[in-house]
Amino acid sequence: MISSPQAAQTHLSASQRHALWLLWQVLPEARLVGGVVRDLMMGRSVADVDLATPEPPEQVLATLKQAGIKAIPTGLAHGTVTAVIESAPYEITTLRRDVETDGRHAVVVWTEDWREDAARRDFTMNAMSRGRDGVLHDYFGGQQDLAQGLVQFVGNAATRIAEDALRILRFFRFQARYGRGQPDAEAIEAITTQAGLLRGLSVERIWSELKRILTGPAVPQTLGLMEQTGVLAVLFPNGVTGARLTRMVVAGVPADAVLRLAGLVPEDKGDLARRLKLSKAEAAFLKDVSSPPVPQPHMTDADLRRLLAQEPPEVLLGRTWLEQADRAEGGQVASAKAAEKNASSADWLALRARLSALTPPVFPLAGRDVLAAGHPPGPQVGVVLEQVRAWWLAEGCTAPAEACLAFLKKVLKSQS
């Protein structure tokens, strides 16, 4: 349901409404633009409040500072100044007109024409603006498209994509969140024809959008559309396993982008992490979650504790989702035992509940304990410690420090 422009502002938080009141006192010509207008009309909460204004950025910066509002020149070359009110950022961007685009970046000049600024935006539902008087300015039918669930480019779809190829991925993200029914035919044709332009984008921008697609709504349908248009083949030339990820989503896999990426792309995970320039934490999780050993429904709590002693819970839980999806393909995996093959969704659910309920055990001894027991310093300290740890693991990771010390003494006595 779409709210009226006047009623929409009630969906802002009290701090956001106060910040807007302050900003409109000093920049009365400014308007809310883009996502905040769209989401307020849909009655959705708003994370980021963005505004546009006809004043040039240097003037905006000076005006804010004169009014005692903290202002940061976050992107003067692109016309953006960030006001910080009660620790929250509010981006204010001068109206712009593109004079040159190359599919990745645009050279802009300032303008005082609101329609001209709206014409450079991606989708009609993102091209609306709303002034302090509550009036909605909609130059391209965005309100109607939003009401109908139609994600449509402003003007010519091919032109918009040629200006910035990232709009291809943004289309799929917005289609998943706001689209209803069949996607816009002109958009699909333009994307299919121009999918190769994605190769010219930085992988950081691609991964940023992919993360939002993978963790958003309607993932199976969205990936199917991306495959149909040739986009997935451009992004992942070595192929994808869309059916595997679909099984994970249907089973209720958490909205973790890296875990879902592991389910989608079968290529070597080290190569994939380097190609997408994942962060160190993301790359480590992608590699670890795709590696053995994998918890199984038939395992005892002692088995699970042994795994938890060596791997973080989130890694082990992630492995169960990948394994469950693999097992569901045809009902079995050739190397699995019969009991494992027949594991149901309820079995996997119960396994994850057990894993989550267990406290990861910590081996209670360290090298200093071996030295305190009389072993001389040297590399053999680690060898002895590992013998005790192996015993602790075999016992189910429940033996306390006293029991481990007693076994340590037995090991040292056997070596004397």
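Here, the structure is the one placed above.
Reading guide: rules and limits
- Residues numbered from 1 in each chain as written.
- Predicted model: local features only at pLDDT ≥ 70, side-chain atom pairs only at ≥ 80, totals over all residues.
- Heavy atoms only, no water.
- Helix = DSSP H or I, 4+ residues; strand = E, 2+ residues; numbered from the N terminus.
- Buried < 20%, exposed > 50% of the residue type's maximum accessible area, 1.4 Å probe, protein only.
- Lys, Arg positive; Asp, Glu negative; His and termini not counted.
- Charge placed at Lys NZ, Arg CZ, Asp CG, Glu CD.
- Pairing = 2+ DSSP bridges.
- Salt bridge = Lys/Arg side-chain N within 4 Å of Asp/Glu carboxyl O.
- 1 Å grid on protein atoms, 1.4 Å probe; cavity = no way out; pocket = protein on both sides within 12 Å on 5 of 7 lines; lining within 4 Å.
- Points joined across faces, edges and corners; volume = space filled by probe spheres on them.
- Core = buried A, V, L, I, M, F, W, Y, C linked by side-chain atoms within 4.5 Å.
- Contact = heavy atoms within 4.5 Å.
- Axes fitted to C-alpha atoms, helices over the stretch in contact; angles between N-to-C directions.
- Left-handed = near helix turned anticlockwise from the far one by under 90°.
- Phe/Tyr/Trp six-rings, centres within 6.5 Å; stacked < 30°, edge-to-face > 60°.
- Lys NZ or Arg CZ within 6 Å of the ring centre and 35° of its normal.
- Expected span 1.5 Å × (residues − 1).

All right, on to the overall build of the protein chain then. Assigned secondary structure in the protein chain consists of 23 helices and nine strands. With the principal axes as the frame, the protein chain shows a C-alpha extent of 90 × 55 × 40 Å. Scored against the burial criterion, the 416 residues of the protein chain give a buried share of 46%. Looking at charge distribution, the protein chain has the averaged site of its 46 positive side-chain charges lying 6 Å from that of its 46 negative ones.

This part covers the sheet that holds strand E4 (residues 80-85). Strand-to-strand pairing in sheets goes through backbone hydrogen bonds, with the strands running parallel or antiparallel. Spatially, E3-E4-E5-E2-E1-E8-E9 is the arrangement adopted by the seven strands of the open sheet, whose pairing is mixed. The sheet terminates laterally at strand E3 (70-75) and strand E9 (136-137), the two strands that pair on one side only. Two strands pair when backbone bridges link them, and strand E1 (residues 31-33) and strand E2 (residues 49-53) are joined in this way by two bridges, in the antiparallel orientation. From the neighbouring strand, Leu32 faces E2, where its bridge partner is Leu51.

What follows concerns the pattern of salt bridges. The full count for this structure, using the stated rule, is 17 salt bridges. Between Asp117 and Arg121 there is a salt bridge whose closest N-O contact spans 3.2 Å. Looking at Asp117, the relative accessible area reads 3%, which means it is buried. What makes Arg121 partly exposed here is its relative accessible area of 22%. Between Arg205 and Asp164 there is a salt bridge, and its shortest N-O distance comes to 3.0 Å. Here Arg205 is found in helix H10 (residues 203-214), whereas its partner Asp164 is found in the loop between helix H7 (157-163) and helix H8 (166-178), with 41 residues between them in sequence. For Asp164, a relative accessible area of 16% translates into the label buried. In the salt-bridge network here, residues are joined through shared partners; they are Arg160, Glu163 and Arg167.

With that out of the way, let us pick up empty space enclosed by the protein. A complete count under the given rule lists one cavity of 30 Å³ or more for this structure. The volume enclosed by the largest cavity comes to roughly 40 Å³. In terms of lining, the largest cavity is formed by Val33, Trp114, Asp117, Ala118, Arg121, Ala127, Met128, Ser129 and Tyr139. When residues of the lining of the largest cavity are assigned to their parent elements, the largest contribution, three residues, is made by helix H5 (residues 114-118).

Residues Leu64, Met226, Val231, Phe236 and Leu261 are the most contacted members of the largest nonpolar core, which totals 85 residues. Top contributing element to this core by residue count: H8, with seven residues. In this view, Met226 contacts Leu169, Phe172, Leu210, Ile213, Val231, Leu232 and Leu235; residues no more than four positions away in its chain are not counted. By size, the runner-up hydrophobic cluster in this structure holds 16 residues, among which are Val370, Leu385, Trp392 and Leu393.

One can describe the packing of helix H14 (residues 257-264) onto helix H18 (residues 313-328) by two numbers: an axis separation of 10 Å at closest approach and a directional angle of 30 degrees. In the packing of H14 onto H18, the handedness of the crossing is right-handed. Between H14 and H18, the contacting residues are Leu259, Ala262 and Gly263 on the first element and Gly318, Trp321 and Leu322 on the second.

Under the counting rule described, the total for this entry stands at nine aromatic pairs. Taking the ring centre of Trp321 as reference, the NZ or CZ of Arg352 above it sits at 3.4 Å.

Another point: H18. Three or four residues apart is the spacing at which side chains of an α-helix point the same way, because the helix has 3.6 residues per turn. Taking 1.5 Å per residue as the helical rise, H18 with its 16 residues ought to reach 22 Å, and the 23 Å between its terminal C-alpha atoms agrees with that figure. Taken as a whole, H18 has its buried residues at Val315, Leu316, Gly318, Arg319, Thr320, Trp321, Leu322, Glu323, Gln324, Ala325 and Arg327.

Purely spatial values, then, with no claim about function.
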